[in-house]
Amino acid sequence: MDELNYLTSLYDYYKDLLTEKQRNYFEEYYFENLLMDEIAENNGVSKNAVSKSLIEVKEKLEEYEKILSLNYNKNKIMEILDKESCKKIIDYI
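Predicted model only: the values in this text are computed from it and were never measured. Position numbers for residues count from 1 along each chain, tracking the sequence in the order it is written. Whole-chain, interface and lining totals are the exception, using all residues; otherwise, since this is a predicted model, local features are given only for residues with pLDDT of at least 70 and side-chain atom pairs are given and counted only at 80 or more. Computation of side-chain values covers all heavy atoms of the structure but excludes hydrogens and water.

## Description of the side chain of N71
In this description a helix means any DSSP run of H or I spanning at least four residues, a strand means any run of E spanning at least two, and both kinds are numbered starting from the N terminus. Tracing the chain through its elements places N71 in helix 5 (residues 70-92). Contact criterion: two residues are considered in contact whenever any of their non-hydrogen atoms come within 4.5 Å of each other. With sequence-adjacent residues up to four places away left out, N71 is seen in contact with Y6, S9, L10, Y13, Y14 and E65.

## What to know about the pattern of salt bridges
By definition here, a salt bridge exists when the distance from a side-chain nitrogen of Lys or Arg to a carboxyl oxygen of Asp or Glu is within 4 Å. Applying the stated criterion to the full structure yields 3 salt bridges. E3 is paired through a salt bridge with K58; the nearest N and O atoms lie 2.6 Å apart. In this pair, E3 is assigned in helix 1 (residues 3-14) and K58 in helix 4 (residues 47-68), connecting sequence segments 55 residues apart. Using a 1.4 Å probe on the protein chains alone, a residue whose accessible area is under 20% of its type maximum counts as buried, one over 50% counts as exposed, and one in between counts as partly exposed. The class for K58 is partly exposed, based on a relative accessible area of 28%. A salt bridge links E79 to K76; its shortest N-O distance comes to 3.7 Å.

## Remarks on unusual backbone geometry
Although it is not a glycine, N33 adopts a positive phi angle of roughly 55 degrees. In this structure, S69 is a non-glycine residue whose phi angle is positive, near 55 degrees.

## Some thoughts on the packing of aromatic side chains
Here a Phe, Tyr or Trp ring, Trp counted by its six-membered ring, pairs with any other such ring whose centre lies within 6.5 Å, and the pair is stacked when the planes are under 30 degrees apart, edge-to-face when over 60, and tilted otherwise. Following the criterion strictly, the structure yields 7 aromatic pairs and no others. With a centroid separation of 6.1 Å and 45 degrees between ring planes, the pair formed by Y13 and Y14 is classed as tilted. Ring geometry for Y14 versus Y64: centroids 5.9 Å apart, planes at 55 degrees, classification tilted. With Y14 in helix 1 and Y64 in helix 4, this residue pair connects regions lying 50 residues apart in the sequence. Take Y14 and Y64: they sit in the same class, and that class is buried. Following the ring pairs from residue to residue traces out a cluster consisting of Y11, F26, Y29, Y30 and F31.

## Description of a nonpolar patch on the surface
Like-charged residues are merged into a patch within 9 Å and nonpolar side chains (Val, Leu, Ile, Met, Phe, Trp, Tyr) within 5 Å, provided each residue has over 30% relative accessible area and no salt bridge. In short, Shrake-Rupley with a 1.4 Å probe defines the accessible areas, and a residue's cover is counted only from the protein chains shown. On the surface, Y13, L17, I67, L68 and L70 cluster together into a nonpolar patch covering about 450 Å² of accessible area. By secondary structure assignment, the location of L70 is in helix 5.

## Focus on the nonpolar core
Soluble globular proteins tend to pack their nonpolar side chains together in the buried interior. Here the nonpolar core consists of buried residues drawn from Ala, Val, Leu, Ile, Met, Phe, Trp, Tyr and Cys, with membership extended through side-chain atoms lying within 4.5 Å. Core analysis: the largest hydrophobic core is formed by 16 residues, its most contacted members being L18, F26, V50 and L61. Elements that contribute at least two residues to this core include exactly helix 1, helix 2 (20-31), helix 3 (36-43) and helix 4. Looking at this core element by element, the count peaks at 5 residues for helix 4. In contact with L61, not counting residues within four places along its chain, are L7, L10, Y11, Y14, L18 and F26.

Distances and angles like these do not, on their own, reveal function.
And the structure:
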């Protein structure tokens, strides 16, 4: 899974654990494809502040996943279900 998909997947699970400002920066950067300069200008902060916040968000999302493993567990469940579905189809044939 590439980093963008991984981070947005983690964001789906853990966004409510972030501050409003962190969510806003993340969404503008990853979903709206704005440059850090644009985000900084839109929010009246420095580019460095945006960069620092995005790094912090990434670290928090990864830390939450390390502790709670919601994304990992979902992927494992999907893998098991997929195998079970295939097995049922093969058994049916």
